[in-house]
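What follows is each chain in one-letter form.
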Amino acid sequence: MKRTIIMTVLSMLLAALMLLGALAEGTALAEEAVQTIDLNETTGQLVVDSAGTYELTGTLEGSVLVDPGTGDVTLILNGATIESADTAGIAAVSGSSLTIVLAEGTENTVSDGGSDDDYDAAIYSAVALTFEGEGALTVNGNNQEGISTEDADMTFVGGTYTVTSQDDGINAGGDEGGVITFNGGSFVINASGDGIDSNASAVFAGGTIYVVGSAAGGDAGIDTDEGYTITGGSIVALGTDMIETPGDGTTQVTLALSLENTIEEGSEVALVDAEGNAVAEFTALQSFRTLIVSDGALTAGSYTLLVNGETVTVDGADTVEITDTVTSIGSMGFGMGGPDMGRPDGMEGFDGMEPPEGGMEPPEGMGERGAFGPGEGMEPPEGGMEPPETNG
């Protein structure tokens, strides 16, 4: 009997030791699953050719090519600066998905350069692209777009973003486009094209978003081919001569204004309620004539648009009345997404209008498209650009 008890106890101890060993091994394997790469020790192009999770630190004067063939890749940016002189800073060309995680408390920068039409953004992806984390990311689209996907969806879950671009700030391009979804995060997007542009659709469900389309004309703060919806978040979108309002499925109160006169760059703008409480406040990063504000603090009632402390008349009145979930007021035509909202191929204007021979000149004083790009008048102010203040 005693021998049997002893053997049982020994068996139990052996099993416990084996379990502890397995757990320890599993922990070691989990730690090894994240590969840390010091970009200071890398030159030229860093190629990620296997699925997995990679933590990037340091500075790279070059680019990161994500080309695993199959599988998912996660890049953790942990105080990383990636600056390419001739192509995208990060380009994902194969695999199932790319997730970019911004490590909490870190500042990260990705910039592109040159004139690469294949990878035409500071961050380019041909696969589903997701951004997560609680860090900060500055994106400099010196070639064309800031962040772009090709026939792939793009999702933002968290993080703080400052995006400047020579063309669209955030773009889901390609023949099929992709759905751009905002579930969280804080954004300042200052573009020389459309601020947010999808050849498919967009969903605004969360986050604080201040987006500005080109003052040179022909672009909007938000531009989609199939429409977009707003169900949450705080959004301020500025444009010049194009405006697209949210469509069916929008549940958050939204105000869209088309103004008689241009509001100049640098103006201090506020939308206040009948009691004088500001629902949205911002500094105009470029001149604008169209304005979309959506915030949980907006309700039916009377509001006043103030520019540098002075009341701006809208459609001949000193106040605007919000009467519906989406209220559109002003002198310029409005659209609600769909294919007709997109610009036809080769045309920067409206359907049925042909540009004059030799092209269209921008209005006097507006400059050429791209005049607000980095290094040409669109550098973010020292300390970075702050999103508009909202009560949402």
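Calculation notes
Residues numbered from 1 in each chain as written. Predicted model: local features only at pLDDT ≥ 70, side-chain atom pairs only at ≥ 80, totals over all residues. Heavy atoms only, no water. Helix = DSSP H or I, 4+ residues; strand = E, 2+ residues; numbered from the N terminus. Buried < 20%, exposed > 50% of the residue type's maximum accessible area, 1.4 Å probe, protein only. Contact = heavy atoms within 4.5 Å. Polar contact = N/O pair within 3.5 Å; in protein donor to acceptor, adjacent residues only side chain to side chain. Phe/Tyr/Trp six-rings, centres within 6.5 Å; stacked < 30°, edge-to-face > 60°. Pairing = 2+ DSSP bridges. Axes fitted to C-alpha atoms, helices over the stretch in contact; angles between N-to-C directions. pLDDT = per-residue confidence, 0-100. Patch = residues over 30% accessible without salt bridge, like charges linked within 9 Å, V, L, I, M, F, W, Y side chains within 5 Å. Areas by Shrake-Rupley, 256 points an atom, 1.4 Å probe, with all protein chains shown as cover. Salt bridge = Lys/Arg side-chain N within 4 Å of Asp/Glu carboxyl O. Lys, Arg positive; Asp, Glu negative; His and termini not counted. Charge placed at Lys NZ, Arg CZ, Asp CG, Glu CD.

**Thoughts on the overall build of the protein chain**
- For the protein chain, the helix and strand inventory stands at one helix and 32 strands.
- The 392 residues of the protein chain split such that 52% are buried.
- Look at the contacts in the protein chain between residues 6 or more apart in sequence, and 63% of them connect residues 24 or more apart.

**Some details on the side chain of Ser267**
- For Ser267, the position within the fold is in the loop between strand 24 (254-263) and strand 25 (268-273).
- A distance of 2.8 Å separates the side chain of Ser267 from the backbone oxygen of Glu264, its partner in a polar contact.
- Residues contacting Ser267, with those up to four places away along its chain left out, are Phe282, Thr283, Ala284, Val307 and Asn308.

**Regarding the packing of aromatic side chains**
- The tally for this structure, following the rule as stated, stands at twelve aromatic pairs.
- With a centroid separation of 5.4 Å and 80° between ring planes, the pair formed by Phe156 and Tyr161 is classed as edge-to-face.
- Here Phe156 falls in the buried class, since its relative accessible area comes to 0%.
- For Tyr161, a relative accessible area of 1% puts it in the buried group.
- Centre to centre, the rings of Phe156 and Phe182 are 5.2 Å apart; their planes meet at 10°, and the pair counts as stacked.

**Points about the sheet that holds strand 2 (residues 44-48)**
- Spatial strand order, 2-4-6-9-12-15-18-21: eight strands in an open sheet with parallel pairing. The outermost strands of the open sheet, each flanked by one partner alone, are strand 2 and strand 21 (222-224). Strand-to-strand twist in this sheet, taken as the mean axis angle between neighbours without regard to direction, amounts to 15°.

**A short note on the confidence of the model for the protein chain**
- In this model, the protein chain carries an average pLDDT of 84, and 76% of its residues clear a pLDDT of 70 or more.
- Segment residues 22-32: pLDDT under 50, and zero contacts once partners within four positions in sequence are set aside and those in other chains are kept.
- Within the model, the stretch residues 337-383 combines pLDDT values under 50 with 79 contacts to residues more than four positions away or in other chains.

**Thoughts on unusual backbone geometry**
- In this structure, Asp151 is a non-glycine residue whose phi angle is positive, near 55°.
- Within the secondary structure, Asp151 sits in the loop between strand 12 (145-150) and strand 13 (154-156).
- Residue Asp151 is classed as partly exposed on the basis of its relative accessible area, which comes to 37%.
- Phi is positive for Asp315, close to 55°, though the residue is something other than glycine.
- Mapped onto the elements, Asp315 comes out in the loop between strand 29 (310-311) and strand 30 (320-322).

**Here's the deal with the side chain of Asp168**
- Structurally, the position occupied by Asp168 is in the loop between strand 14 (160-165) and strand 15 (170-173).
- Reaching out from Asp168, the side chain makes a polar contact with the backbone nitrogen of Asp194 at a distance of 2.8 Å.

**What to know about the environment of Thr262**
- Its place among the elements puts Thr262 in strand 24.
- Residues Thr262 and Ala215, spaced 47 residues apart in sequence, show a C-alpha to C-alpha distance of 9.7 Å.

**Things to note about the pairing of strand 23 (residues 234-239)**
- Burial within strand 23 is extensive, with six of its six residues counted as buried.
- Bridging between strand 20 (residues 208-212) and strand 23 involves five bridges; their strand directions are parallel. Paired with Val212 across the two strands is Leu238, which belongs to strand 23.
- Sheet analysis places strand 23 next to strand 27 (residues 288-294), joined by five bridges and oriented antiparallel. Each bridged residue has a counterpart across the sheet, and for Ala237 the counterpart in strand 27 is Ile292.

**A look at a negative patch on the surface**
- Together, Glu150, Asp151, Asp175, Glu176 and Glu226 make up a negatively charged patch on the protein surface.
- Looking at where Asp175 falls in the secondary structure, it is placed in the loop between strand 15 and strand 16 (180-182).
- Residue classification places Asp175 among the exposed residues on the basis of a relative accessible area of 77%.

**Quick notes on the pairing of strand 31 (residues 326-330)**
- Because side chains alternate across strand 31, one face comprises the buried residues Thr327 and Ile329, and the other comprises Val326, Ser328 and Gly330, none of which is buried.
- Looking at chain direction, strand 24 and strand 31 are connected through five bridges and run parallel. Looking at strand 31, one finds that Ser258 is bridged to Gly330.

**As for the environment of Val93**
- As for its placement among the helices and strands, Val93 is situated in the loop between strand 6 (90-92) and strand 7 (97-102).
- Among the residues examined, Val93 registers a relative accessible area of 28% and is labelled partly exposed.
- The spacing of Val93 and Asp67 is 26 residues in sequence and 5.5 Å in space, taken between C-alpha atoms.

**Comments concerning the environment of Gly296**
- The topology assignment puts Gly296 in the loop between strand 27 and strand 28 (301-307).
- Looking at Gly296, the relative accessible area reads 57%, which means it is exposed.
- In this structure the C-alpha to C-alpha distance between Gly296 and Ser234, which are 62 residues apart in sequence, comes to 7.1 Å.
- Among all residues touching Gly296, those that are not within four sequence positions of it are Gly233 and Gln252.

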